[in-house]
Amino acid sequence: MSLPIRAIAAPHAPAGRPSALPVLIILFCLIWSSAFAVAKIALADCPPLLLLAFRFLVAGSIVLAGCALLLPRAEFSRLTRRDLIALALMGILNNTCYLGLSYVGMTHVSSGLTAVLISANPLLTALAAAPLLGERLTGRKLGGLVLGMAGVALVVRSRIVSGHEDPVGVAYVAGALVTLAAATLLFKRVRTSASLWVGSGIQSLAGGLALLPIALWREDLADVRLTVPLALSFTYLTLAGSVGAFSLWFFILGRTSATRASALHFLMPPLGLMFGWLLLGEKVPPFDLIGIVPIALGIRLVTTTPGKS
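Per an unreviewed UniProt entry, the protein chain goes by EamA domain-containing protein and derives from Xanthobacter autotrophicus. Under the UniProt heading Sequence similarities (unreviewed entry), the note attached to the protein chain is "Belongs to the EamA transporter family."

Below is the structure:
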């Protein structure tokens, strides 16, 4: 059980003032879902682990340098050893494990399938949040879990049987999904005294430091080709993805339950397929369009209660 300490999220909007949360949710969904296709572009010129390690190190350095210049020194001095360990662990789960497995998987499978699989995050989160966080798992939510997982299984089976995807890549992305759900639950259970930006910067830097030696061991720097597409995609992934999207995610997550926060992945399957088609020309088989319907319905059942949206 964690001690009662300050949450990462910013204060709620004053009564009577419209909340900016819906706009932030839309922005997060667009950045998060487009990152799969943009990453696929970068992977054509750079091995996955090296790409991520440098991305995390650059993003973490930018965020923490900005915090050191713009925020009071107390933002850092109040951090305890427990805070640093918790943030480092979340950074390793969110960055090193989740994205590391995702990017390695995307060297074998399409960005669209990756987006569909990762969209199952709220289903796993709901299943684990009941025993770990005390969030009630009703019959409605169980029905949503079954429906959503059936949709995921339909899409994955269709892709593998048709020969469009490599089962090894699917396994990597499935592992990424498990670590993302674990990071979501850890954030809600272990709160720290870090502010939003300091916490995001520490997590990104920790992820990069943990991944760099593995990347240098497993991959060759000579395989990196310095091209314009790599530079543009790396910039987008670093600034919009690591700095922007993760900060938005933790802001949103700090203002709602773990299950409802994960409902943002409701939009990931159609958006991920759309960006894969627009940016990479990836084909969208009919079973993908059929499969995302039960996924969407399942997520809605899992993340809402009757009479509430």
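There is more to say after this.
Chemist: Just checking my understanding: could you explain the overall build of the protein chain for this structure?
Modeler: Secondary structure summary: the protein chain contains 13 helices and zero strands in total. Going residue by residue from the N terminus, the α and β elements of the protein chain occur as α-α-α-α-α-α-α-α-α-α-α-α-α. A buried classification covers 51% of the 309 residues belonging to the protein chain. Carbon and sulfur atoms make up 72% of the accessible area of the protein chain, which totals about 13800 Å².

Chemist: I'm lost on empty space enclosed by the protein in this one. Help?
Modeler: Using the criterion set out here, one finds two cavities of 30 Å³ or more in the structure. The calculated volume of the largest cavity comes to roughly 140 Å³. For the lining of the largest cavity, the secondary structure elements donating two or more residues are helix 1 (21-43), helix 4 (81-106) and helix 10 (228-253). Here the residues of the lining of the largest cavity are counted per class, giving nine nonpolar, one polar and one charged.

Chemist: When you look at the nonpolar core in this model, what are you seeing that I'm missing?
Modeler: Generally speaking, soluble globular proteins have nonpolar side chains that are buried together. Of all hydrophobic cores here, the largest spans 59 residues; its most connected members are Phe28, Trp32, Tyr98, Tyr103 and Ile118. At ten residues, helix 1 tops the list of elements feeding residues into this core. For Tyr103, the contacting residues outside a window of four places in its chain are Ala39, Leu43, Pro48, Leu51, Leu52, Arg55 and Leu237. Residues Ala59, Leu64, Cys67 and Leu79 belong to the second largest nonpolar core, which totals 15 residues.

Chemist: Sorry if this is basic, but what is going on with the side chain of Ser200 here?
Modeler: Structurally, Ser200 is set in helix 9 (residues 196-218). Residue class for Ser200 comes out buried when judged on its relative accessible area of 5%. Beyond its immediate sequence surroundings of up to four residues, Ser200 is in contact with Ser242 and Ser247.

Chemist: Quick question: what am I supposed to make of helix 5 (residues 111-118) here?
Modeler: The α-helix advances 3.6 residues per turn, and as a result positions three or four apart in sequence lie on the same side. Summarising burial for helix 5: eight of the eight residues are buried, a large majority. Within helix 5, burial applies to Ser111, Gly112, Leu113, Thr114, Ala115, Val116, Leu117 and Ile118.

Chemist: Sorry, what's going on with the packing of aromatic side chains here?
Modeler: By convention here, two paired aromatic rings are described through the distance between centres and the angle between planes. Scanning all chains against the criterion turns up two aromatic pairs. Pairing Phe28 with Trp32 gives two aromatic rings, centres 4.9 Å apart and planes at 45°, and the pair type is tilted. Of this pair, Phe28 and Trp32 both sit in helix 1, four residues apart, roughly one helical turn. Owing to a relative accessible area of 0%, Phe28 belongs among the buried residues under this scheme. Consider the rings of Trp32 and Tyr98, whose centres lie 5.9 Å apart with planes at 15°: the pair is stacked. In this pair, Trp32 is assigned in helix 1 and Tyr98 in helix 4, connecting sequence segments 66 residues apart. Take Trp32: its relative accessible area is 7%, and that puts it in the buried class. Following the ring pairs from residue to residue traces out a cluster consisting of Phe28, Trp32 and Tyr98.

Chemist: Before we go on, may I ask you to explain the environment of Glu75 in this structure?
Modeler: Within the secondary structure layout, Glu75 lies in helix 3 (residues 74-77). Between the C-alpha atoms of Glu75 and Ser195, which are 120 residues apart in sequence, the distance is 6.9 Å.

Calculation criteria
- Residue numbering note: each chain is counted from 1, following its sequence as written.
- Thresholds applied to this predicted model are a pLDDT of at least 70 for local features of residues and 80 or more for the giving and counting of side-chain atom pairs; totals over whole chains, interfaces and linings are not thresholded and use all residues.
- Here the side-chain values reflect all heavy atoms present in the structure, with hydrogen atoms and water set aside.
- UniProt positions are given in the numbering used here, feature names are shortened, and annotations may be inferred rather than shown by experiment.
- Secondary structure elements are defined from DSSP: runs of H or I of at least 4 residues count as helices, runs of E of at least 2 residues count as strands, and each element is numbered from the N terminus.
- Relative accessibility decides the category of a residue: with a 1.4 Å probe and only protein chains considered, values under 20% of the type maximum give buried, values over 50% give exposed, and everything between is partly exposed.
- Accessible surface is estimated by sampling points in the Shrake-Rupley manner with a 1.4 Å probe; for residues, cover comes only from the protein chains shown.
- Lining residues are those with an atom within 4 Å of a point, where the points come from a 1 Å grid over the protein atoms alone and group into cavities, where a 1.4 Å probe fits but cannot get out, or pockets, open sets with protein on both sides within 12 Å along at least five of seven lines.
- Grid points are joined across faces, edges and corners, and a volume is the space filled by probe spheres set on the points.
- Three classes are used, and their members are as follows: Ala, Val, Leu, Ile, Met, Phe, Trp, Tyr, Cys and Pro are nonpolar, Asp, Glu, Lys and Arg are charged, and the others, Gly among them, are polar.
- The term nonpolar core refers to a set of buried residues drawn from Ala, Val, Leu, Ile, Met, Phe, Trp, Tyr and Cys, joined through side-chain atoms within 4.5 Å.
- Residue contacts are defined here by distance: any two heavy atoms, one from each residue, within 4.5 Å place the two residues in contact.
- Stacked, tilted and edge-to-face are the three classes applied to pairs of Phe, Tyr and Trp rings, where Trp contributes its six-membered ring and a pair requires centres within 6.5 Å; stacked means planes under 30 degrees apart, edge-to-face means over 60, and tilted covers the rest.

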